[in-house]
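Now for the letters of each chain:
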Amino acid sequence: MKYRTQKVAYWFWALSMLLLVIQLTYGFFMGFAHLGYDGLHKWIPFNTSHTVHLNTLVVWLISGFMGAAYYIIPEESETELCCPKLAYLQLIALTVVGVAALTGYHFNWWEGRKFLEIPHELDYLVALDVVLFLAILVITMAKGKRRTTTSFVLVGGLVGAALLYLPGMLQFDSQTLDSFFRWWVVHLWVEGVWELIMGGILAFLLIKLTGVDREVIEKWLYVVIGLTFLSGILGTGHHYYYIGVHKIWLIVGGIFSALEPLAFLAMTLWAVSMYRKGERKHPNKIALYWTLGAAITSFLGAGVLGLAHTLPQVNLYTHGTLVTAMHGHLAFWGAYAMIVFAIMTYAMPNLTGRKFYDTPSGRMAFWLTNVGMAIHVSALAAAGVTQVYLERILGYDFGDVQKYLYPHFWVLIIGATIFSTGITIYLIDFIRYGLPKDEALATT
Amino acid sequence: MLSKSQAKLFFFVGTAVTFVIFIGLTVFSLKQVNTDMPEAAARGKHIWEKNNCMGCHTIMGEGAYYAPELTNVIKRRGEDYVRGVLMSKQPWQPKGRKMVAYGMSEQEANDMIAFFKWIGRKNLNGFEKVDRTVSPLAKNRMKD
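Residues numbered from 1 in each chain as written. Chains lettered and ligands numbered in written order. Predicted model: local features only at pLDDT ≥ 70, side-chain atom pairs only at ≥ 80, totals over all residues.

Peer 1: Help me understand the overall build of chain B in this model?
Peer 2: Helices and strands together make up the secondary structure of chain B, namely seven helices and two strands. Tracing chain B from N to C terminus, the helices and strands come up as α-α-β-β-α-α-α-α-α. Relative to the compact-globule value of 15 Å for 144 residues, chain B shows a C-alpha radius of gyration of 21 Å, a clear excess of over 25%. With the principal axes as the frame, chain B shows a C-alpha extent of 70 × 45 × 30 Å. Going through the 144 residues of chain B one by one, you find that 38% of them count as buried. Across chain B, contacts joining residues at least 24 apart in sequence account for 57% of those joining residues at least 6 apart. (Helix = DSSP H or I, 4+ residues; strand = E, 2+ residues; numbered from the N terminus. Rg over C-alpha atoms; globule rule 2.2 N^0.38 Å. Buried ≥ 20, exposed ≤ 12 C-beta atoms within 10 Å, placed from the backbone. Contact = placed C-beta atoms within 7 Å.)

Structure below.
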């Protein structure tokens, strides 16, 4: 590492990894419940598992982004992070909110709105935590020697994510209005400002790993995020097809969400062409795997699988089925989870001074997670299409259809097991790295 | 060849234009949303959220895909059935899938029913016809 205060990042990533383990555990509870094995129902009913699975995902990704920002901004701004003690305080506050929310979900303390289940009382603590986080970043950038497009895009995405959290705090009696503004948070995060965060991290990694000129990488970064907003903002309309608002959203949402894959395609082409153009052979090959993997898999998961069911004529049948879960899993994995793994894999040797660059365990973790996720998503695809055909086309009862999906859920469990094996190997490597050390300052 | 400043311009202008259109469409469409909701339905929605029903079921296609879609549940099952389910103090297991025994009071169950009825009356651009055995294609098959 170049700056002592970059060490803060490690602790955010450690929290991310802990939450990921919880997310996977509850994911298995859900998978087995779909197969009829729900022995924990009395203590952990499905809605608790589902809420924990989703919310740990959101929080571990956010904690991963925060770690990424604390690692990247000092280096981009060429200065130490402002107020590192406050950054640790912010981490503690985030952990407290996370623990309180996760505990609360087991005692019916939640909002009951998908992805935004965090109890309203805790929303204010989240807002305070995020304000503190952003203040640290902005002050660091202001006192820095250098201002880069990469850091502006990254922090811009984080500021956008914070602002977009606010509509989610609004409360409505009408389910239509509730849903309408809930998507301002969820959609405009994952198909909007989070892509800026991803773009910022990706640009940083491409600069470091390929050695291509910063100006070239940042120019194309603007094009990628331009396409993101051009398609993604009005693409929100694909969530408004069937919630009781005007049918104009069928046209607007249909057209613009069909354009959304373009942003991810541009991101893939950008990353791959920068890699090809690059003359630097960085020894951290596994970080390069994760970086290019994120760019490619995000296109497949968020782009291609999103397009598969985004047109209203198709979505009329697939909406509210496991087809959505299929898209959601690969999109979150490719776009956001993999980019967090990419920055961690790049940064860990620099933070700890241990150069585990191109290790068999690192490669195995990469391939097992990706192969496991591919099987998992294929199983959800098969289950989703079967469900659509039997339930929506032939008109079978929901409960009867679920029994026909059992074989697919067994395949899903196999995929999830392979995936979890990969994650376990990654975690063992994460622990083997040890804690960040000041001595690592000289070795980067 | 595209310069960095042109790329920057593309980003800012593109974002600004689409954002303005999005806000315009939001205002336009929300003006047409009927927000009149009976008090009982509003209370029902509160109970719906308090118990995180969306954590298993879907409504208007949104939720967790583990338990049935409830947009048309009153038309499909009738009020008495739904009331019975919500007031049951015994855990039950429709077609092998367990549901929490909420043991609601009659008032709470009626509020939930009012909420479901309110949702069931909404024009959902065709989705209301897909819920249950009346999907357009299934309907055509029945006619045949």
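Peer 1: Looking at this model, I keep getting lost on the overall build of chain A. Mind explaining?
Peer 2: Each helix and strand counted, chain A has 14 helices and zero strands in total. Going from the N terminus to the C terminus, chain A shows its helices and strands as α-α-α-α-α-α-α-α-α-α-α-α-α-α. A globule of 444 residues ought to have a C-alpha radius of gyration of about 22 Å, and chain A, at 21 Å, matches this closely. With the C-alpha coordinates aligned to their principal axes, the bounding extent of chain A is approximately 65 × 45 × 45 Å. Looking at chain A as a whole, 60% of its 444 residues qualify as buried. Looking at chain A alone, contacts between residues at least 24 apart form 81% of all its contacts between residues at least 6 apart.

Peer 1: Help me understand helix α3 (residues 84-105) of chain A in this model?
Peer 2: Three or four residues apart is the spacing at which side chains of an α-helix point the same way, because the helix has 3.6 residues per turn. Residue and element names in this part refer to chain A. Along its 22 residues, α3 runs 32 Å from first to last C-alpha, staying within 8% of the 32 Å computed at 1.5 Å per residue. Within the sequence span of α3, burial applies to A87, Q90, L91, L94, V97, G98, A101 and Y105. Buried residues of α3, viewed axially, fall in a sector of 130°; they line one side. Summarising the geometry of α3, the exposed residues directed more than 90 degrees from the buried face are K85, I92, V99 and T103. Contact partners of the buried residues in α3: α1 (8-34), α2 (46-77) and α4 (120-143). (Expected span 1.5 Å × (residues − 1). Arc of directions from axis to C-beta.)

Peer 1: Just checking my understanding: could you explain the nonpolar core for this structure?
Peer 2: The tendency in soluble globular proteins is for nonpolar side chains to be buried as a group. One finds A:A69, A:I201, A:I339 and A:I343 to be the most contacted residues of the largest nonpolar core, which totals 187 residues. Considering each element in turn, this core owes the most residues, 21 residues, to helix α11 (residues 322-352) of chain A. Two domains share this core, each providing at least three of its residues, namely domain 1 (1-33) and domain 2 (36-143) of chain B. In contact with A:I343, other than residues within four places in its own chain, are A:A68, A:Y71, A:I201 and A:L205. (Core = buried A, V, L, I, M, F, W, Y, C linked by C-beta atoms within 7 Å. Domains from an automatic or database assignment.)

Peer 1: Looking at this structure, I do not really get the domain arrangement of chain B. What am I missing?
Peer 2: A common way to state how big an interface is: give the accessible area lost once the parts meet. Domain boundaries in chain B define domain 1 (1-33) and domain 2 (36-143). Placing the centre of domain 1 of chain B and that of domain 2 of chain B at their C-alpha centroids yields a distance of 38 Å.

Peer 1: What exactly am I supposed to notice about the interface of chain B and chain A here?
Peer 2: Each side of the interface is counted separately: chain B has 58 residues, and chain A has 59 residues. At the level of elements, α1 (4-31), α2 (39-50), β1 (58-59), β2 (62-63), α6 (127-130) and α7 (136-143) of chain B are the ones that each hand at least two residues to the side of chain B that touches chain A. The biggest single contributor to the side of chain B that touches chain A is α1(B), with 13 residues. Residue composition of the side of chain B that touches chain A, by class: 29 nonpolar, 18 polar and eleven charged. (Nonpolar A, V, L, I, M, F, W, Y, C, P; charged D, E, K, R; others polar.)

Peer 1: What is the right way to look at the environment of A:E439 in this model?
Peer 2: Tracing the backbone through its elements, the reader meets A:E439 in the segment after α14 (406-433). Residues A:E439 and A:H187 lie 252 residues apart in sequence; the distance between their C-alpha atoms is 43 Å.

Peer 1: Would you mind going over α4(A) with me for this structure?
Peer 2: All names here are of chain A. For α4, with 24 residues, the first-to-last C-alpha span of 35 Å sits near the 34 Å given by 1.5 Å per residue. Taken together, the buried positions of α4 are occupied by V126, D129, V130, F133, I136, L137, T140 and M141. Where α4 is buried, its residues contact α2, α3 and α5 (149-165).

Peer 1: Would you explain unusual backbone geometry in this entry?
Peer 2: Residues and elements named next belong to chain A. One non-glycine residue, N108, lies in positive phi territory at about 60°. Position of N108 among the secondary structure elements: in the loop between α3 and α4. We classify N108 as partly exposed; it has 14 C-beta atoms within 10 Å. Phi is positive for F115, close to 80°, though the residue is something other than glycine. Under the C-beta neighbour-count criterion, F115 is labelled partly exposed, with 17 such atoms within 10 Å.

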